[in-house]
Amino acid sequence: MSFPIIQSSYHFNCTQCGNCCTGDQKVNLNLYDLYKMAVYKGFNHTRQLFDETLVHLVQGQNNAWVPQIKFKSFKQKAAETSLLFCPFLINELDEENNLKGLCRLHPDKKPLICSLAPVGRILDLKDESEDFVFVKPAPDCPGVNSTKINLLADLKKVLQIELDFERRFYKILNKINEDTTKEFLLENVYSFQTDISFEKILTELEVH
């Protein structure tokens, strides 16, 4: 599926509808996302995110095992079905008994993919290029109909450090043998202490 490339600006305004935080949405994480979430939870080790089933590993592009938020189940009073939702979504209901899109991690501890939305990032590690594309946060996202103009340069400026961290994370993944097991990655890449600087953690992974 192709998405329109953002040249300089895009129209969007989040309405906190919660559509991107519920249902079958997939929120993939990078190493810094794990670090931020663990700090938010007061964990001294990112492994606790997996032990508490807040995060699990799934196979992403090129069959690499990557972290993803583990959605939980919410029983809707007005329906017989259950709704899947992000565990970091504040459990407040609107007038129609739907979960509101209020994030406990907002603004500083949110995953990069959420902070960027509706902007998606396409990286090419071979030639060090990147494109930013417009991706609906959810198929029924009302925010994409907004007339509010957002500048891509402003978004990149705010998130530049995290964008750089993510690029370095993808390079680490790119060097890992595709036969590397899920268990090895969990123990040696995705599990680390949070009482040291993230820059040091990332650098140590890069040199090994």
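As a reminder, the structure under discussion sits directly above these lines.
Computed from a prediction, not measured in an experiment: that's the story for all the values here.

Undergrad: Break down the overall build of the protein for me, citing the residues and quoting the values.
TA: Along the protein, the regular secondary structure elements total six helices and eight strands. In the protein, the succession of α and β elements from N to C terminus is β-α-α-β-β-β-β-α-β-β-β-α-α-α. At 18 Å, the protein has a C-alpha radius of gyration in line with the 17 Å of a compact globule built from 208 residues. Once the C-alpha set of the protein is aligned to its principal axes, its extents read approximately 50 × 40 × 30 Å. Put simply, the protein has 208 residues, and 42% of those count as buried. Sequence separation of 24 or more characterises 61% of the internal contacts of the protein that already satisfy a separation of 6 or more. Just so you have it, the protein exposes about 12300 Å², and 50% of that area is on carbon and sulfur atoms. In the protein, 24 positive and 28 negative side-chain charges are present, and the distance between their average locations comes to 3 Å.

Undergrad: Report on the pattern of salt bridges, specifying residues and quantitative values.
TA: A side chain of one charge can pair with a side chain of the opposite charge if their charged atoms are brought near each other. Tallying each qualifying case throughout the model produces eleven salt bridges. The partner of arginine 121 in a salt bridge is glutamate 130, and the shortest N-O contact between them spans 3.0 Å. By relative accessible area, arginine 121 is classed as buried at 17%. Taking relative accessible area as the criterion, glutamate 130 reaches 27% and is therefore assigned partly exposed. Put simply, Arg121, Glu128, Glu130, Glu166, Arg167 and Lys171 are held in one network by salt bridges that share partners.

Undergrad: Any details on the environment of isoleucine 90? Residues and values, ideally.
TA: Relative to the helices and strands, isoleucine 90 resides in the loop between β5 (82–85) and α3 (112–116). Taking the relative accessible area as the measure of exposure, isoleucine 90 reaches 25% and is therefore partly exposed.

Undergrad: Could you give an account of the nonpolar core, naming the residues involved and the relevant values?
TA: For soluble globular proteins, the rule of thumb is that nonpolar side chains tend to be buried together. Counting 39 residues, the largest nonpolar core has Leu31, Leu34, Met37, Leu49, Val55, Ile69 and Tyr190 as the members making the most contacts within it. For this core, the secondary structure elements donating two or more residues are α1 (31–41), α2 (47–51), β2 (55–59), β3 (65–69), β5, α4 (152–175), α5 (182–188) and α6 (198–207). No other element matches the five residues that α1 contributes to this core. Leave out the neighbours within four places in its chain, and isoleucine 69 touches Val27, Leu29, Met37, Leu54, Val55, His56, Cys86, Pro87, Phe88 and Pro111. Core analysis: the second largest hydrophobic core is formed by 15 residues, Cys141, Val144, Leu152 and Leu155 among them.

Undergrad: Got a sec to walk through the pairing of β5? Specific residues and values, please.
TA: Because side chains alternate across β5, one face comprises the buried residues Leu83 and Phe85, and the other comprises Ser82 and Leu84, none of which is buried. Two elements, strand β4 (residues 72–75) and β5, share four bridges in a ladder whose sense is antiparallel. Bridge pairing in β5 places lysine 75 opposite serine 82.

Undergrad: So, a positive patch on the surface: which residues are in play, and what are the values?
TA: Taken together, Lys26, Lys41, Lys70, Lys72 and Arg104 make up a surface patch of like positive charges. Judged by its relative accessible area of 36%, lysine 70 is partly exposed.

Undergrad: Outline the packing of α1 against α6, listing residues and values.
TA: Contact pair α1 / α6: the axes reach a minimum separation of 11 Å and the direction vectors enclose 145°. Judged by the twist between their axes, the crossing of α1 over α6 is right-handed. Counting all contacts with α1, which are made through Leu31, Tyr32 and Tyr35, the residues of α6 involved are Phe198, Ile201, Leu202 and Leu205. Across the contact of α1 with α6, the residue classes tally to seven nonpolar, no polar and no charged.

Undergrad: Summarise α4; cite the residues concerned and give the values.
TA: Compared with the 34 Å implied by 1.5 Å per residue over 24 residues, the 30 Å span of α4 between its first and last C-alpha is markedly short. A maximum bend of about 70° is found in α4 at leucine 159. Of all the positions in α4, only Leu152, Leu155, Leu159, Glu162, Leu163, Phe165, Glu166, Arg167, Arg168, Phe169, Ile172 and Leu173 are classed as buried.

Undergrad: Kindly report on the packing of α4 against α6, identifying the contributing residues and their values.
TA: Their axes nearest at 10 Å, the elements α4 and α6 cross at an angle of 25°. By the angle between their directions, the pair α4 and α6 is classed as roughly parallel. As for the relative orientation of α4 and α6, their crossing is left-handed in sense. For the pair α4 and α6, the contacting residues are Phe165, Arg168, Ile172 and Lys175 in the first and Phe198, Glu199, Leu202, Thr203, Leu205 and Glu206 in the second. A per-class count over the contact of α4 with α6 returns five nonpolar, one polar and four charged.

Reading the values: the criteria
Residues numbered from 1 in each chain as written. Predicted model: local features only at pLDDT ≥ 70, side-chain atom pairs only at ≥ 80, totals over all residues. Heavy atoms only, no water. Helix = DSSP H or I, 4+ residues; strand = E, 2+ residues; numbered from the N terminus. Rg over C-alpha atoms; globule rule 2.2 N^0.38 Å. Buried < 20%, exposed > 50% of the residue type's maximum accessible area, 1.4 Å probe, protein only. Contact = heavy atoms within 4.5 Å. Areas by Shrake-Rupley, 256 points an atom, 1.4 Å probe, with all protein chains shown as cover. Lys, Arg positive; Asp, Glu negative; His and termini not counted. Charge placed at Lys NZ, Arg CZ, Asp CG, Glu CD. Salt bridge = Lys/Arg side-chain N within 4 Å of Asp/Glu carboxyl O. Core = buried A, V, L, I, M, F, W, Y, C linked by side-chain atoms within 4.5 Å. Pairing = 2+ DSSP bridges. Patch = residues over 30% accessible without salt bridge, like charges linked within 9 Å, V, L, I, M, F, W, Y side chains within 5 Å. Axes fitted to C-alpha atoms, helices over the stretch in contact; angles between N-to-C directions. Left-handed = near helix turned anticlockwise from the far one by under 90°. Nonpolar A, V, L, I, M, F, W, Y, C, P; charged D, E, K, R; others polar. Expected span 1.5 Å × (residues − 1). Bend = angle between axes of the 7 residues up to and from the residue. Parallel < 35°, antiparallel > 145°, perpendicular 65-115°, else oblique.

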